[in-house]
Amino acid sequence: MKSLISLIIFSLKENLRTKLYVVLLIFTIILIFIGLLLTGLSGFEQPQRVLVNTGIAMMELFCLFLILLNSVNLFLQDIESKSVYLTLSKSISRSKYLVGKYFGSLLLILINILIMSIIHILLIKLSRWKIPENYYFTLFTIFLKTGVVASISLLAVTTMTSQATAVITSLLIWIAGHFISEIIFLAGRIKIMFLQFFLRICCYIIPNFQYFNVKDYFDTHYFVAKFGIVLAIIYWIVYNSVVLILSCVVFNKKDL
Amino acid sequence: MNSIKLVVRYLMFGLIFFITASMLVHRNIRSDAYNVRYSIFGKRKLVIEDYFVLDSIGIIFGLRKLVSDIAWIQLLQYYGGEPPEENHHCTNHNKCCHIEHLTKIQPGKYKKLIDYCRRVTTLDPLYSFVYFYGVGALAWNLERPDEALEYLNEGLENLEFQKSNPNSDYWELVKYQQAIYYKLGGKYKEMLDQLKVIIQSGRAPNMVKAILANLYKKYGYYTEALEIWHELLFCNDPEYVERAKKQIVILNQLIKNKKV
């Protein structure tokens, strides 16, 4: 357990030290500030909404790009520079190494959401507006959503050797995950049995990001009340566990 | 033996995963209210071709709300600028005044306004303010009550889940609907009363307030019009504040003349 915690902390520190992380963080903070400019363009009719939505969207995008670019890159660098041997030689199994990396990424996401939400809340307060009712709940679902991407990107990076392929695959899964409702709709309409079957299988394999997409309707109490957080968490745990196990299997068999 | 155990363990995990996923996906199929509103394959379509790429990015990256805000700003730019139907360039900006046109009656202008409104609400079907704004502009400024009713019905459909709450945006939209029917039926006094109720609820856009003030002025209710402009004097929008200042002077003069 101690070694796992050390791995998590090591992975987190490794991520925080990169230049890309700092650049992405600064860029996102600037973009959140740009939200303030957009409020001016909104004709003074709905300024708070624009600022809140811009901030939330930027937080999610930042976490996504951070996982896709930084974590994937660091993992491949570890393998290419053979520094992974140093860790693995200290009686740490490959699976533990991977799980450590994953929890490190989760911690990274959590810290980033905290940093950015503090800036965002400050901006909202400075503009003398109220924090929306379900704001913190929305942030939690962003954490869940990007957590799924973190496990997918780990699977992608262990199965593929190129950073670009891993990033593109994870990004495509992210996109498809927002289309599950449409895929279900198509599966219901298509009359070719094979395609219908294929689409239905896709619905199971691709993560359904609609379960975590509270930010689409966080200001509507009716939908938030209908949102099944317990089911979403169960889905999150099961999906991530399966993807992580698959990643461990692939990584255990990999020639380093 | 160990490998068999491992395979069994993975299979168990896989099974749990598929059962949970299947449970959730089927639940998703039934969760109707959300999908009906957000599906882009159903009734809703990306209406303005020029913004197809931007809107698609918003949908595929799960950034509907952010893109709907951008669409809202673009709607304001479209309706805040010169009507695309005429190539008119003003020589004297003060006289021409882009601000005033927002409350002027301009039938036949801004033909794409309904599409711009639909674009925003396709991205975010729960953005009730756009329904208020779009319906107000279409019904009273652009004199296209039929289009306003068409758009209003889309709004009612999307906000139907609020029906049980008498203070909801759904019932606010119903008030707009009634006001439009009064207008179509030529019952202007009732229409004004209904618009007054809408404004008193505190959810009306500044534009609708200005519309009512202008209508009051048109029908000779100067004091009521003055009250609304006084209220607009303290709104955040500098455009309306400027306009309110001008109108207050004019209305005070009209009230004086009336007394004389």
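Thresholds applied
Starting afresh in each chain, residues are numbered from 1 along the sequence in its written order. Written order determines the labels here, with chains lettered from A and ligands numbered from 1. Two thresholds apply to this predicted model, a pLDDT of at least 70 for residue-level local features and 80 or more for giving and counting side-chain atom pairs, whereas whole-chain, interface and lining totals are computed over all residues. The side-chain numbers reported here are obtained from all heavy atoms of the structure, hydrogens and water having been left aside. Only DSSP runs of H or I covering at least 4 residues are called helices, and only runs of E covering at least 2 are called strands; the numbering of each starts at the N terminus. Throughout, exposure labels follow a simple rule: accessible area from a 1.4 Å probe, protein chains only, divided by the maximum for the residue type, with under 20% read as buried, over 50% as exposed, and the rest as partly exposed. The contact criterion used is simple: two residues touch if any of their non-hydrogen atoms lie within 4.5 Å. Computed with the Shrake-Rupley method and a 1.4 Å probe, the accessible areas treat only the protein chains shown as cover for residues. Only four residue types enter the charge count, namely Lys and Arg as positive and Asp and Glu as negative; His and the chain termini do not. Think of each charge as sitting on NZ of Lys, CZ of Arg, CG of Asp or CD of Glu. For patches, a residue must show more than 30% relative accessible area and have no salt bridge; joins then use 9 Å for like charges and 5 Å for nonpolar side chains, namely Val, Leu, Ile, Met, Phe, Trp and Tyr. The salt bridge criterion pairs a side-chain nitrogen of Lys or Arg with a carboxyl oxygen of Asp or Glu, the two atoms within 4 Å. pLDDT expresses how confident the predictor is about each individual residue, on a scale running from 0 to 100. A helix is expected to span 1.5 Å multiplied by its residue count minus one. Here the bend at each residue means the angle between axes fitted to two seven-residue stretches, the one ending at that residue and the one beginning there. Definition used in this section: a nonpolar core is a set of buried Ala, Val, Leu, Ile, Met, Phe, Trp, Tyr and Cys residues joined via side-chain atoms within 4.5 Å. Each Phe, Tyr or Trp ring, with Trp reduced to its six-membered ring, pairs with another whose centre is within 6.5 Å; inter-plane angles below 30 degrees give stacked pairs, above 60 give edge-to-face pairs, and intermediate values give tilted ones. In this scheme, the term charge over a ring applies when either NZ of a lysine or CZ of an arginine sits within 6 Å of the ring centre and within 35 degrees of the ring normal.

Looking at the overall build of chain A
For chain A, the count of helices and strands is 11 helices and zero strands. Counting from the amino terminus, helix and strand elements in chain A follow one another as α-α-α-α-α-α-α-α-α-α-α. By the burial criterion, 56% of the 256 residues in chain A qualify as buried. If you take every contact in chain A between residues at least 6 apart in sequence, the share linking residues at least 24 apart comes to 79%. Approximately 11,400 Å² of chain A is accessible, and the part contributed by carbon and sulfur atoms is 73%. Computing the positive centroid from 21 side-chain charges and the negative centroid from 10, chain A places the two 6 Å apart.

Some remarks on unusual backbone geometry
At A:Arg128, a position not held by glycine, the phi torsion is positive, near 60°. Phi at B:Glu143 is positive, roughly 55°, even though this residue is not glycine. Considering the arrangement of structural elements, one finds B:Glu143 in the loop between α7 (128–141) and α8 (145–158). Judged by its relative accessible area of 33%, B:Glu143 is partly exposed.

Structural notes on the environment of A:Leu172
Considering the arrangement of structural elements, one finds A:Leu172 in helix α7 (residues 163–177). In sequence terms A:Leu172 and A:Val84 are 88 residues apart; their C-alpha atoms lie 28 Å from each other.

Quick look at a nonpolar patch on the surface
The grouping of A:Val22, A:Ile26, A:Ile30, A:Ile34 and A:Leu37 at the surface amounts to a nonpolar patch, some 440 Å² of accessible area in total. When you line up the elements, A:Leu37 lands in helix α2 (residues 19–41).

Considerations on the confidence of the model for chain A
Averaged over all residues, the pLDDT of chain A is 84; the fraction at 70 or higher stands at 98%. When pLDDT is averaged over each helix and strand of chain A, the minimum, 77, is found for helix α4 (residues 83–88) of chain A and the maximum, 92, for helix α6 (residues 135–159) of chain A.

A closer look at helix α3 (residues 47–80) of chain A
All names here are of chain A. Relative to the 50 Å expected for 34 residues at 1.5 Å per residue, α3 spans 48 Å between its end C-alpha atoms, a close match to the ideal helical length. The largest bend in α3 is about 30°, located at Leu-66. Counted residue by residue, α3 has 28 buried out of 34 residues, so it is predominantly covered. The first or second residue beyond α3 is Lys-82, which carries a positive phi of 65°.

What about the nonpolar core?
Residues A:Phe212, B:Trp72, B:Leu75, B:Leu113, B:Trp140, B:Tyr176 and B:Leu195 are the most contacted members of the largest nonpolar core, which totals 146 residues. In terms of residue count, the dominant contributor to this core is α3(A) (17 residues). Among the nonpolar cores identified, the runner-up in size contains nine residues, and A:Ile184, A:Ala187, A:Cys203 and A:Ile206 belong to it.

Here's the deal with the packing of aromatic side chains
Here the structure, examined in full by the defined rule, presents 28 aromatic pairs over all chains. With a centroid separation of 5.5 Å and 55° between ring planes, the pair formed by A:Phe75 and A:Phe251 is classed as tilted. Highlighted residues: A:Phe75 in helix α3 and A:Phe251 in helix α11 (residues 229–253), separated in sequence by 176 residues. Across the pair, exposure class does not vary: A:Phe75 and A:Phe251 are buried alike. Feature note: the residues B:Tyr51, B:Trp72, B:Tyr78, B:Tyr79, B:Tyr110, B:Tyr116, B:Tyr127, B:Phe129 and B:Tyr133 constitute an aromatic cluster, connected by ring pairs. In this structure, A:Arg49 is placed above the aromatic ring of B:Tyr127, and the distance from its NZ or CZ to the ring centre is 3.3 Å. It is A:Arg94 that lies over the ring of A:Phe251; its NZ or CZ is 5.7 Å from the centre.

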